[in-house]
Amino acid sequence: MRGMHHALRGVVLLLACFASNLPPATARYQAKPPPEFCDQYEAVYKSIDQDLELYRNNGGITPELMARTMSLHTAGNREKGLAVGFYNGRVYVIDTVRRMKLKPFGHHVTLWTAYLKVMLDLQQRFGAHLPNAEFVWHTIDRPVRLTNASAGARDNYPVFRFGKSAAHPDILIPNFHFYMKAYQRKFLDKIKAFNRDTPWPDRAPLAVARFSAYGRYVHPRDPHCQRLGAGGAALCKVTGRSTAICPVRQHLHEWANAHHRDRLDVSKDRLMPMDHHARYKYLLHVDGQGLSSKLEFLLTMGSLVLKEDSGYRAYYHHLLEPGVHFLPVWKNGAGPEDILEAVDWARQHDQQAHRIALAGQQLAARYLTSEARACFWLRLFQAYAATLTYDPVQYRNITFSAEGEREGRGEEAVAAAGLRFLKPVARFIEEDVATTFPLLLSELEWEP
Ligand SMILES: *[C@@H]1O[C@H](CO)[C@@H](O)[C@H](O)[C@H]1NC(C)=O
Ligand SMILES: *[C@@H]1O[C@H](CO)[C@@H](O)[C@H](O)[C@H]1NC(C)=O
């Protein structure tokens, strides 16, 4: 009798012990629909569906594809990317490996931290509106792999990236420079001042461009990004299986300064503060190694933007209509000569040029705000989560700690099948980023 009592107690204890390790018996998490104010930015969301189409048509993003994406593209696997998960409204850094050494990634850790702060901002803004999802972002300047268009291809990886051409399978996200260069406060909020302080008639009728002379990196088989020099001269040199380098900026610098100073003020050596660009009527944008984020800054100046038609694009570029918001120049299959034609046209059509300048500026003011970008991310996560073939929390049998709940921190994911690294973002920044790079946080300029 006594023995049996003991045995029973043992079972009860065992059960109690087991029960405390189970996730709390909450109902399956369902993200709330996006808040209504995000509806006003509908037009900017178009790139999301375009980018996800490849995955939708190929059976969706499976756990196996996600595992391969993580093992090919994240820091845990010695690549310049990071994997992130949203589980029941909270954001985590995740990986398939147990340890992540940040030191070798230097400057990329700064970029990841800027993005992680965006994720924390989204968690705070949207919380229960965030769907369960996991994804990988990569921060080198250019996409490397071309889309494999064969039916059933298993080597297209859904990597989040700020720039690509139509030939790549990556998924476009806002550039980290929006957040690191105070785009809202120092640019969008100053549009009135830019227009007032340097009225259109006071601006010089020259096309100005300032840049570091980085070579352009393109994939040798990317039909959208090949570049030619003046007179149709060959410009790109193939240096590897997935790399050709085109000295686009160097070429422009030499060509403009040798023959065209009457229309072009181009330099790779003389820097110019961003707000001085408003002293010129025409702003020439040329991409760098890959897509250059300077375009979004130039658009706020109230001057006419002449944009190199490089083939690289950002998440909002479909909104930019040629001849309405900017003038495209240096197109695929031709040299830079049409820059001169654009300047001549603008000089002869001053009012129209001014109208295009203001339309470009207004487009930025409407669609590139801090709020519009936050809504873009939310909408991206929703469409992306719907492209996953699995609910990560269910699939990974994620265990949540009740302790966080008791301490008012909300439930915290503490274990997930298939992930050997799992840490709330705030703790990752504190424990991993700050201990590896002690000055990074105090030196990082960041705003939403
Ligand atoms: C593209 O995918 C197909 C189908 O899986 C595969 O046979 C082929 O090798 C892939 N092509 C390249 C260039 O990797
Ligand atoms: C989650 O748990 C179920 C039931 O124990 C198991 O069959 C499944 O393999 C687990 N999921 C993963 C990803 O390990």
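Residues numbered from 1 in each chain as written. Chains lettered and ligands numbered in written order. Predicted model: local features only at pLDDT ≥ 70, side-chain atom pairs only at ≥ 80, totals over all residues. Heavy atoms only, no water.

(A) Main features of the site of ligand 2. The environment of ligand 2 is made up of Y395, N397 and A417. Here a nitrogen atom of ligand 2 sits 3.2 Å away from a polar atom, N or O, in the main chain of Y395. The side chain of N397 places a nitrogen or oxygen atom 2.2 Å from an oxygen atom of ligand 2. The protein chains hide 34% of the 360 Å² of surface that ligand 2 would expose on its own. (Near = heavy atom within 4 Å. Polar contact = N/O pair within 3.5 Å; in protein donor to acceptor, adjacent residues only side chain to side chain. Areas by Shrake-Rupley, 256 points an atom, 1.4 Å probe, with all protein chains shown as cover.)

(B) A look at the state of the cysteines. For the structure on display, the rule yields two disulfides. One disulfide bridge connects C38 with C375, the sulfur atoms lying 2.0 Å from each other. Where C38 bonds to C375 through sulfur, the torsion about that S-S bond is close to -75°, and the disulfide is left-handed. You can see C38 sitting in the loop between α1 (2–21) and α2 (46–56) and its partner C375 sitting in helix α12 (residues 370–387), a full 337 residues away along the chain. Taken as a pair, C38 and C375 share a single burial class, namely buried. (Disulfide = S-S within 2.5 Å. Helix = DSSP H or I, 4+ residues; strand = E, 2+ residues; numbered from the N terminus. Buried < 20%, exposed > 50% of the residue type's maximum accessible area, 1.4 Å probe, protein only.)

(C) Region of interest: the site of ligand 1. Around ligand 1 sit N148, S150, G152, A153 and D155, and those are all the residues in its vicinity. At 2.3 Å from an oxygen atom of ligand 1 is found a side-chain nitrogen or oxygen belonging to N148. Here an oxygen atom of ligand 1 sits 3.1 Å away from a polar atom, N or O, in the side chain of D155. Within the complex, the protein chains bury 34% of what would otherwise be the 360 Å² of accessible surface of ligand 1. A per-class count over the shell around ligand 1 returns one nonpolar, three polar and one charged. (Nonpolar A, V, L, I, M, F, W, Y, C, P; charged D, E, K, R; others polar.)

(D) How the structure looks around the pairing of strand β12 (residues 304–308). For β12, the tally of buried residues reaches five of five residues, placing the bulk of the element in the interior. Of the two faces of β12, the one carrying L304, L306 and E308 and the one carrying V305 and K307 are both buried. Direction of pairing for β12 relative to strand β13 (residues 327–329): parallel, over a ladder of three bridges. If you follow K307 over to β13, its bridge partner there is P328. (Pairing = 2+ DSSP bridges.)

(E) Expanded view of the nonpolar core. By size, the foremost hydrophobic cluster in this structure holds 138 residues, and its most contacted members are Y87, M119, W137, L306, Y316, W377 and Y384. Looking at this core element by element, the count peaks at 11 residues for α12. Viewed by domain, this core spans two of them, domain 1 (2–172 + 370–442) and domain 2 (183–348), each represented by three or more residues. (Core = buried A, V, L, I, M, F, W, Y, C linked by side-chain atoms within 4.5 Å. Domains from an automatic or database assignment.)

(F) Local environment of the pairing of strand β6 (residues 204–210). The sheet contact formed by β6 and strand β11 (residues 280–285) spans three bridges and is parallel. When the bridges of β11 are listed, V208 appears paired with L283. Relative to strand β10 (residues 264–267), β6 runs parallel, the two sharing four bridges. Each residue of the ladder has a partner; that of A209, found in β10, is V266.

(G) Broad picture of α2. Within the sequence span of α2, burial applies to S47, I48, D51, L52 and Y55. Summarising the axial view, the buried residues of α2 lie within an arc of 115°, below the 170-degree limit, and thus occupy one face. Buried residues belonging to α2 abut α3 (63–73), β5 (171–172) and α12. (Arc of directions from axis to C-beta. Contact = heavy atoms within 4.5 Å.)

Read these as spatial facts, not as claims about activity.
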